[in-house]
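What follows is the residue order along each chain.
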Amino acid sequence: MEQLRFLQSWRWFGPADPITLEAIQKTSAKGIVTALHHIPNGEVWEIDEIQKRLSLLKKHGFTWSVVESLPVHEQIKYNGPDRESIIRHYKQSLANLGKCGVTKVCYNFMPVIDWVRTDLEYPWKNHGISMLFDYPTFVAFDVFILPRPNAAHDYPDSLLDQAEKLYSKMDERKKETLAHNIIVVTQGFIDGGVGNVLDYKKEFLRRLELYCEVDTNTLRENLLHFLHEIVPVAEEFGIQMCLHPDDPPFPVLGLPRIAGTLEDFQWIMEQQLSPSNGITFCSGSLSSRADNDLIAFLKSLGSRVHFAHLRNTTILDEKGSFCESGHLEGGADIEQIIRLLHAEMTRRQISGDQNHQIPMRPDHGLKLQKDLKVHANPGYPYYGRIKGLEELSALEDKILNQG
Ligand code: DNO
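What counts, and where the lines are drawn
- Residues numbered from 1 in each chain as written.
- Predicted model: local features only at pLDDT ≥ 70, side-chain atom pairs only at ≥ 80, totals over all residues.
- Heavy atoms only, no water.
- Salt bridge = Lys/Arg side-chain N within 4 Å of Asp/Glu carboxyl O.
- Helix = DSSP H or I, 4+ residues; strand = E, 2+ residues; numbered from the N terminus.
- Buried < 20%, exposed > 50% of the residue type's maximum accessible area, 1.4 Å probe, protein only.
- Expected span 1.5 Å × (residues − 1).
- Contact = heavy atoms within 4.5 Å.
- Near = heavy atom within 4 Å.
- Polar contact = N/O pair within 3.5 Å; in protein donor to acceptor, adjacent residues only side chain to side chain.
- Areas by Shrake-Rupley, 256 points an atom, 1.4 Å probe, with all protein chains shown as cover.
- Nonpolar A, V, L, I, M, F, W, Y, C, P; charged D, E, K, R; others polar.
- Pairing = 2+ DSSP bridges.
- Domains from an automatic or database assignment.
- Buried area = accessible area lost by both parts, 1.4 Å probe.

A. Local environment of the pattern of salt bridges. This structure, assessed with the given rule, holds 30 salt bridges. For Asp247, the salt bridge identified is with Arg117, shortest N-O distance 2.9 Å. Of this pair, Asp247 sits in the loop between strand 7 (240–243) and helix 10 (262–271) while Arg117 sits in the loop between strand 4 (104–107) and strand 5 (119–124), and the two are 130 residues apart along the sequence. Across the pair, Arg117 and Asp247 agree in class, each one buried. With a shortest N-O distance of 3.3 Å, Glu391 and Lys387 are connected by a salt bridge.

B. Region of the structure containing helix 4 (residues 83–99). With 17 residues, helix 4 should reach 24 Å at 1.5 Å per residue; the first-to-last C-alpha distance of 24 Å fits that figure. Within the span of helix 4, buried status applies to Arg83, Ile86, Ile87, Tyr90, Ser93, Leu94, Ala95, Asn96, Leu97 and Gly98. In this fold, the buried residues of helix 4 make contact with helix 2 (47–59), strand 3 (63–68), helix 3 (74–78), strand 4, helix 9 (216–236) and strand 7. Immediately beyond the C-terminal end of helix 4, within one or two residues, lies Gly101, with a positive phi of roughly 85°.

C. Looking closely at the site of the ligand. Near the ligand there are 13 residues, and of these Glu68, Ser69, Asp114, His364 and Tyr380 occur at the shortest range. Between Ser69 and the ligand, the recorded distance is 2.6 Å, taken from a side-chain N or O atom to an oxygen atom. Computed on the free molecule, the ligand has an accessible area of 330 Å², of which 99% lies beneath the protein chains in the complex. For the shell around the ligand, a count of residues per class yields 6 nonpolar, 4 polar and 3 charged.

D. Broad picture of the pairing of strand 10 (residues 312–315). Note that strand 10 and strand 11 (residues 322–325) share 4 bridges and pair antiparallel. From the neighbouring strand, Thr314 faces strand 11, where its bridge partner is Cys323. What sits between the antiparallel neighbours strand 10 and strand 11 is a turn of 6 residues, in which Gly320 has the positive phi angle 130°.

E. Structural view of the domain arrangement of the protein chain. One can read the domain layout of the protein chain as domain 1 (7–115 + 215–402) and domain 2 (134–209). Just the C-alpha atoms count here: the centres of domain 1 and domain 2 sit 26 Å apart. On the domain 2 side, the residues contacting the 21 residues of domain 1 number 22 residues. Both sides together, the interface formed by domain 1 and domain 2 hides about 1,800 Å², and carbon and sulfur atoms give 66% of it. Its largest share of buried area at the contact with domain 2, domain 1 owes to Val112, Leu253 and Lys319, together 35% of the area lost on that side. Linking domain 1 with domain 2 are 0 salt bridges, by the criterion used here. For the pair domain 1 and domain 2, the number of links is 6 residue pairs in polar contact (both at pLDDT 80 or more). A per-class count over the side of domain 1 that touches domain 2 returns 11 nonpolar, 7 polar and 3 charged.

F. Structural context of the side chain of Gln8. One can find Gln8 in strand 1 (residues 7–11). For Gln8, the side chain forms a polar contact with the side chain of Ser28, separated by 2.7 Å. If sequence neighbours within four positions are ignored, Gln8 has contacts with Ser28, Ala29, Lys30, Gly31, Met360, Leu389, Ser393 and Glu396.

In structure tokens:
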């Protein structure tokens, strides 16, 4: 039987991405992970727009391996007044994608804010520039810089003391950069986010306030409602939905987060048993929490994984601080993860599943010397990702050769 490999993929942010399709042609990626970022969140992705993107990718020799993301509007997450009409739009977008043959759709269900980092330029050993989530710095942002009303109640005194000390040493520029990175820079190029408005802290606080009555259970109910509505459409059009883990995989800013652990995902997968209710396995997001066992995760839920983000993290303290390390270096056992994902592809192939190949993208990347001259979105440097893709690919070769 033919040996199965991942469908090597590359995240491209559309025509506005400073890293062009021509540049991506020079990598070994065959699939592109992208979204129609120009369509405002909540509006329908019309067939002609999807076709335009498909033709552009085809012209450059790529397939559209995964949509990342078809973003879930905030109103779906907090149950706003227009929730049902926005869900109808979402279903229409799914149907349109399915009609065009684009059948893997990544999404997340994190309220207000997607991934969170406190430093986007963190030198990591001699390996390159990484990104850091430093918990005390994050608390300083939350309690003193934002400041979120009553935020101090969420943290133990020892952490508040540490945060206060850090805060007292920051000059105005540093405080502003921290807030701007968390609220605007890391969110701006994905989907949603407050945008680069003048008073972005005020707008961010307004959005947090929309969740004042949304606790963990309510957010779970809102996710179930969403799944109940969309999974039948996904099934009808052959779409595999891939829920991305929360990053970091624990609550932040007083907001609930419900997709951070194996138990969270087991619960979500059990609520809708359809294979259309699936997972994006992100080794980076999941590994940043010390009590997450990624191998146990795959052994339990591998059959629901339709898309893989491979990268690694190093946990820096017991509070929850971590940094992104090289793709193969860090707490996650990437070799074993690849073995398990390969076994899953083989199982699917044997069971006659035509769609057995799992797309994988090297998630994020360290900024290397050469990346300092090429503009790119934070976390998505050109050379750092090529290095990641090549390292992952070499590891795949080794695993396949060992049999
Ligand atoms: C950040 C990404 C996330 C991810 C979304 C998926 O670099 O990993 O923005 O794409 O959460 O919906």
